[in-house]
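Notes for the structure review
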Amino acid sequence: MNQRIYVDNAATTKVNPQVLEAMLPYLGGTYGNPSSIYAEGREAKTAVETARAQVATAIGAEPNEIYFTGSGSEADNWAIRSVARSLKEKGNHIITTAVEHHAVLHTCQSLEKEGFEVTYLPVDAYGRVSAEDVKAAIKDTTVLITVMFANNEIGTLMPISQIGAVAKEAGVLFHTDAVQAIGMVPIDVKTMNIDLLSLTGHKFHGPKGSGALYVRKGVKLNSFITGGAQERGRRAGTENVPGIVGLGKAIELATADIPKKAAYLTQLRDRYISKILEQVPYAQLNGHPEERLPGNANISFSFIEGEGLLLFLDMKGISASSGSACTSGSLDPSHVLLAIGRKHEEAHGSLRCSFDMENTIEDVDAIVAAVSEIVARLRAMSPLYETFLKENK
Amino acid sequence: MYSEKVMDHFSNPRNVGEIEDANAVGEVGNPQCGDIMKIYMKINEETNIIEDVKFKTFGCGAAIATSSMATELVKGKSVDEALQMTNKAVVEALDGLPPVKLHCSVLAEEAVQSAIFNYYERKGLTPPAGLKCSGCCSSCHHHHDHEEE
Ligand SMILES: Cc1ncc(COP(=O)(O)O)c(C=O)c1O
Ligand code: FES
């Protein structure tokens, strides 16, 4: 087997060939500026507006509720900062969770420095926050609730519809970072009472550097970048036309047949999880067994550190990721794994596989074989395992 | 991001294991920060030569590679020579390490020193001035540069 097995689709995905094909003209001959009134400009404008409609349709929104951004991180920053700034008179309290992506967490932390009060709700052992906890945290001064749709590390799905209902009843704006959920779970911003939603193209086979923010009609949105009149004056800068076209095509394809995709990925995921838990001792599943993204499997292996696991997997042609501090470049292991109660040393030894439609049952079996061999090898080198064996003789 | 030497020592680490009748054992690091190195030595009490050395490491690829290289560098050396081994020597022997991984080499230097400290302790001798006591280096004093995903 010479082909590599890529199971890090939560980090990024391969651009779909149909998406690439849709983008190519806009990287070549069709180079007009959408703001220009002549033919080339109109052609580019039409392409951007087609993509806006594609994004809107995918989440049950109206095209004029969609704003294009340069990334999912930008959409998160924009949503949270805009709401905080424009409702400052009303209150200074924001509710979020302990397991958000850093694009949300660090934005909230920076607002704390500006005088906002942020509640970081704890999660249960599966990484879920409850709608009751959200409700109980709401105060007179609460202006925003921001809870991710699905966790990027452990795949746990949050009770978004219930939180939406709580937010609506309390009259508080509700933002969700749906970056990981698009194309994996059906999303309807209207029935779910979502006021703002972030997404990014590269997680569902679109291009990198192309995201969008949905903002419900009637919610005030501040300009994020000032300058020209692009994005109805809210985000200046000549549009990334190829990126936007690619995002539109990718979201259309990704949301076309979610049930079929989910069924296939769930089968791969559950096969991987059950085989690993069967074959590798001292392994624990992170996240909810069912209420999780269909393609996400995250498992902690005691006594070992994740980077070594990733390096050995890479040598065997397998690409996956870990929540270890050594691979993230920060001193602490994943805040998500710590929030669900994993000990530091367990969090260091985690492995996330995020499957995609190109993966097969054979891939799953090859990964299981590789992981069990490598874990045993690293444990043989581990002083923690040695101590454990001596203490449990 | 790692040199070929690092990858070689990571994937085929030298001197992995335990020494049953070791007369010097040092352990440094902390499971909280994700790195622990344990070094076993068999030191000739007459000549003070490190006749055998083995290690076990919980840590990243660089931690495993630096442990492996450090054991290679001190094997067959006298205790005094081994104490001269700096983390820089380990890094150079590995053809370099990424800046965020330099602390792994510091840990390797500390693990060797901690084992030798233990050797002096067991013999009831006063360790040379400046030599760190075994075990008390278990603090998260190293810092990775903070990067964003
Ligand atoms: C949940 C979540 N939010 C936000 C982001 C950031 O998206 P982007 O890489 O487009 O900035 C990611 C991806 O890394 C993510 O997984
Ligand atoms: S052991 Fe964590 S970076 Fe080396």
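Since this is a predicted model, take the numbers as computed values, not measurements. Counting of residues starts from 1 at the beginning of each chain's written sequence and follows it residue by residue. Chains carry letters and ligands carry numbers; both start at the beginning, A for chains and 1 for ligands, and go up in the order they are written. Whole-chain, interface and lining totals are the exception, using all residues; otherwise, since this is a predicted model, local features are given only for residues with pLDDT of at least 70 and side-chain atom pairs are given and counted only at 80 or more. With hydrogens and water stripped out, all remaining heavy atoms of the structure feed into the side-chain values.

Secondary structure summary: chain B contains five helices and three strands in total. Along chain B, from the amino end to the carboxyl end, the secondary structure elements read α-β-β-β-α-α-α-α. Exposure categories follow from relative accessible area, calculated using a 1.4 Å probe and restricted to protein chains: below 20% of the type maximum is buried, above 50% is exposed, and the middle band is partly exposed. A total of 149 residues make up chain B; the buried ones form 54% of that total. Long-range contacts, defined here as pairs at least 24 residues apart, represent 61% of the contacts in chain B between residues at least 6 apart. Each accessible area is a Shrake-Rupley estimate made with a 1.4 Å probe; only the visible protein chains count as cover when residues are assessed. Element-wise, carbon and sulfur atoms account for 48% of the exposed surface of chain B, whose accessible area totals about 6,400 Å². Secondary structure is summarised from DSSP: a helix means a run of H or I of at least four residues, a strand means a run of E of at least two, and numbering begins at the N terminus for each. Any two residues having at least one pair of non-hydrogen atoms within 4.5 Å are treated as being in contact.

Moving on, we come to the environment of glycine 227 of chain A. Positionally, glycine 227 of chain A belongs in the loop between β8 (211-215) and α7 (241-254). Sequence spacing of glycine 227 of chain A and threonine 238 of chain A is 11 residues, and the spatial spacing of their C-alpha atoms is 10.0 Å.

What follows concerns unusual backbone geometry. All names here are of chain A. Phi at glutamate 231 takes a positive value of approximately 50°, unusual for a residue other than glycine. Along the chain, glutamate 231 falls in the loop between β8 and α7. Residue glutamate 231 is classed as buried on the basis of its relative accessible area of 6%. With a phi close to 50°, arginine 232 is a non-glycine residue in the positive phi region. Within the secondary structure, arginine 232 sits in the loop between β8 and α7.

Turning next to the nonpolar core. Throughout, nonpolar core names a set of buried Ala, Val, Leu, Ile, Met, Phe, Trp, Tyr and Cys residues whose side chains join them through atoms within 4.5 Å. Counting 134 residues, the largest nonpolar core has Tyr272 and Phe301 of chain A together with Met41 of chain B as the members making the most contacts within it. Looking at this core, the element that brings in the most residues is helix α5 (residues 102-123) of chain B, giving 10 residues. Looking at which domains feed residues into this core, each of domain 1 (5-13 + 257-391) and domain 2 (17-254) of chain A supplies at least three. Setting aside residues no more than four positions away along its own chain, phenylalanine 301 of chain A makes contact with Ile276, Val280, Tyr282, Ala283, Leu309, Gly349, Leu351, Val371, Val375 and Arg379 of chain A. By size, the runner-up hydrophobic cluster in this structure holds 21 residues, among which are Ala79, Ala84, Cys108 and Val143 of chain A. Boundaries between domains were set according to an automatic or database domain assignment.

Here the focus is the pairing of strand β3 (residues 50-58) of chain B. Residues and elements named next belong to chain B. Strands qualify as paired when DSSP identifies two bridges or more between them. Sheet topology places strand β2 (residues 35-43) next to β3; eight bridges connect them, and they run antiparallel. Opposite isoleucine 43, over in β3, you have isoleucine 50 as the bridge partner. In this structure, the hairpin formed by β2 and β3 is closed by a connection of six residues, where asparagine 48 is found at a positive phi of approximately 60°.

Time to look at the sheet that holds β2 of chain B. Residues and elements named next belong to chain B. In space, the three strands of this open sheet follow the order β1-β2-β3, with antiparallel pairing throughout. Edge positions in the sheet fall to β1 (24-30) and β3, since each of these pairs with one other strand and no more. In this sheet, neighbouring strand axes are inclined to one another by 10° on average, regardless of whether the strands run parallel or antiparallel. Relative to β2, β1 runs antiparallel, the two sharing seven bridges. Its bridge partner being in β2, valine 25 is matched across the sheet by tyrosine 40. The sheet contacts of α5 involve β1 and β2, and relative to β1 the element is tilted by about 145°. Angles run from 0 to 180 degrees between N-to-C directions of axes, and those axes are lines fitted to C-alpha atoms, restricted for helices to the stretch in contact.

Let us now look at helix α2 (residues 61-74) of chain B. Three- or four-residue spacings in an α-helix give side chains the same orientation, since the helix completes a turn every 3.6 residues. Residue and element names in this part refer to chain B. Helix span, expected: 1.5 Å multiplied by one less than the number of residues in the helix. With 14 residues, α2 should cover 20 Å at 1.5 Å per step; its first-to-last C-alpha distance of 20 Å lies within 8% of that length. For α2, the buried fraction is high: 12 of the 14 residues fall into the buried class. Every buried residue belonging to α2 is among Gly61, Ala62, Ala63, Ile64, Ala65, Thr66, Ser67, Ser68, Met69, Ala70, Thr71 and Val74, and all of these are buried. Immediately downstream of α2, the backbone of glycine 76 shows phi near 85°, a positive value.

The subject of this paragraph is the domain arrangement of chain A. All names here are of chain A. On domain assignment, one finds that chain A holds domain 1 (5-13 + 257-391) and domain 2 (17-254). Using C-alpha coordinates to define each centre, domain 1 is positioned 29 Å away from domain 2. Counting residues at the interface gives 27 residues for domain 1 and 32 residues for domain 2. Buried area, as used here, totals the accessible surface that two parts lose on assembly, with accessibility defined by a 1.4 Å probe and the loss added over both. Where domain 1 abuts domain 2, roughly 2,400 Å² becomes buried across the two surfaces, and 55% of that area is made up of carbon and sulfur atoms. When residues of domain 1 are sorted by the area they lose upon contact with domain 2, Thr13, Leu293 and His335 head the list and together hold 24% of the total. Each reported salt bridge corresponds to a side-chain nitrogen of Lys or Arg within 4 Å of a carboxyl oxygen of Asp or Glu. Run the count over domain 1 and domain 2 and you get one salt bridge.

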